[in-house]
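Below, each chain spelled out in residue letters.
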Amino acid sequence: MRLETERLTLRLPKMEDVDVVGELLGDPEVVRFLGGQTAAPEEFPAIVQKWLDRWDAFGMGPFMVERDGVFVGRTGVLVWDLRVWEHDVPKPPAEFRQHEVGWAFVRAAWGNGYATESARAVLDWALAQEVESLASIIAPANIRSQRVAERLGATPAETIDRPSGPAVVWRY
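Keep in mind that what you see is a predicted model, and the values were worked out from it rather than measured.

Draft legend 1. Seen up close, helix 5 (residues 143-151). Residues of helix 5 that are buried: Ser145, Gln146, Val148 and Ala149. One side of helix 5 holds all its buried residues, which, seen down the axis, span an arc of 160 degrees. Contacts made by the buried residues of helix 5 are with strand 5 (97-105), helix 4 (114-128), strand 6 (134-138) and strand 8 (165-171). Of the residues trailing helix 5, Gly153 is marked for its positive phi of about 95 degrees.

Right under this line is the structure:
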């Protein structure tokens, strides 16, 4: 599975990606709104495996985003359990699923429009997969991601409480 945009290639993760994800997972500023905890290199294999497991469980998950063959971030679809507003839980029944388009990029790639470009491709792909309801779950202080969601046509809806703090559900 690959998606192509004007400047980017989005592809499925593979275990070899543990060698390139450190700039994303180990940067406190990058993970600030992704739970806030950086990951150590010994955790990278388990994280990449979790991404692969999401693809196995739901037929969707995070895409690795590359520019000219260089890893710049990840964009994809997470499946949340609406009963608890978590995505790291066993596969919820269909009626309790919320599909989220999410993104995260290495700091060196910020400000280039990659989040908007890749998320637009993922939105189009998810809609072609007949996903009925798409949202982005964004912390109130994450102004950059709010702007991306706005450019993609999302509007803020309800605010939810999560263990990492409140978040706004932006609906497409």
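Draft legend 2. Broad picture of the pairing of strand 8. Counting buried residues in strand 8 gives five out of seven residues, a clear majority hidden from the surface. Where strand 6 meets strand 8, four bridges bridge the pair, whose relative direction is antiparallel. Bridge pairing links Ala135 to Arg171 in strand 8. Alignment of strand 7 (residues 155-162) against strand 8, held across six bridges, turns out to be antiparallel. In the sheet register, Thr159 faces strand 8, and the bridge partner there is Val168. Counting the residues that bridge the hairpin from strand 7 to strand 8 gives two residues.

Draft legend 3. Here's a closer look at the nonpolar core. Formed by 44 residues in total, the largest nonpolar core has its most connected members in Val21, Leu24, Leu25, Trp51, Trp103, Phe105 and Trp125. Looking at which element gives the most residues to this core, the answer is helix 4, with eight residues. The residues contacting Val21, other than those within four sequence positions of it, are Phe44, Val48, Trp51, Met64 and Phe71. If you look at the next biggest cluster of nonpolar residues, it comprises eight residues, including Trp80, Trp85, Ile137 and Ala167.

Draft legend 4. Region of interest: unusual backbone geometry. Its identity is not glycine, yet Asp68 carries a phi of approximately 55 degrees, on the positive side. Along the chain, Asp68 falls in the loop between strand 3 (62-67) and strand 4 (70-81). Positive phi values are uncommon outside glycine, yet Trp85 reaches one of about 50 degrees. Note that Trp85 resides in the loop between strand 4 and strand 5.

What counts, and at which threshold
Each residue is numbered by its place in its chain's sequence as written, counting from 1. With the structure being a predicted model, the display of local features is reserved for residues of pLDDT at least 70 and the display and counting of side-chain atom pairs for 80 or more, all residues being used for whole-chain, interface and lining totals. Each side-chain value is worked out from all heavy atoms of the structure, with water and hydrogens disregarded. Relative accessibility under 20% of the residue-type maximum defines a buried residue, over 50% an exposed one, and the middle range a partly exposed one, all with a 1.4 Å probe and only protein chains included. Each helix is a run of DSSP H or I of at least 4 residues and each strand a run of E of at least 2, with the numbering of both proceeding from the N terminus. Comment: arc refers to directions from the helix axis out to C-beta atoms. Contact between two residues is taken to exist if any of their heavy atoms lie within 4.5 Å; hydrogens are not considered. In this analysis, strands are considered paired if DSSP registers two or more bridges between them. By nonpolar core is meant a set of buried Ala, Val, Leu, Ile, Met, Phe, Trp, Tyr and Cys residues that side-chain atoms within 4.5 Å join together.

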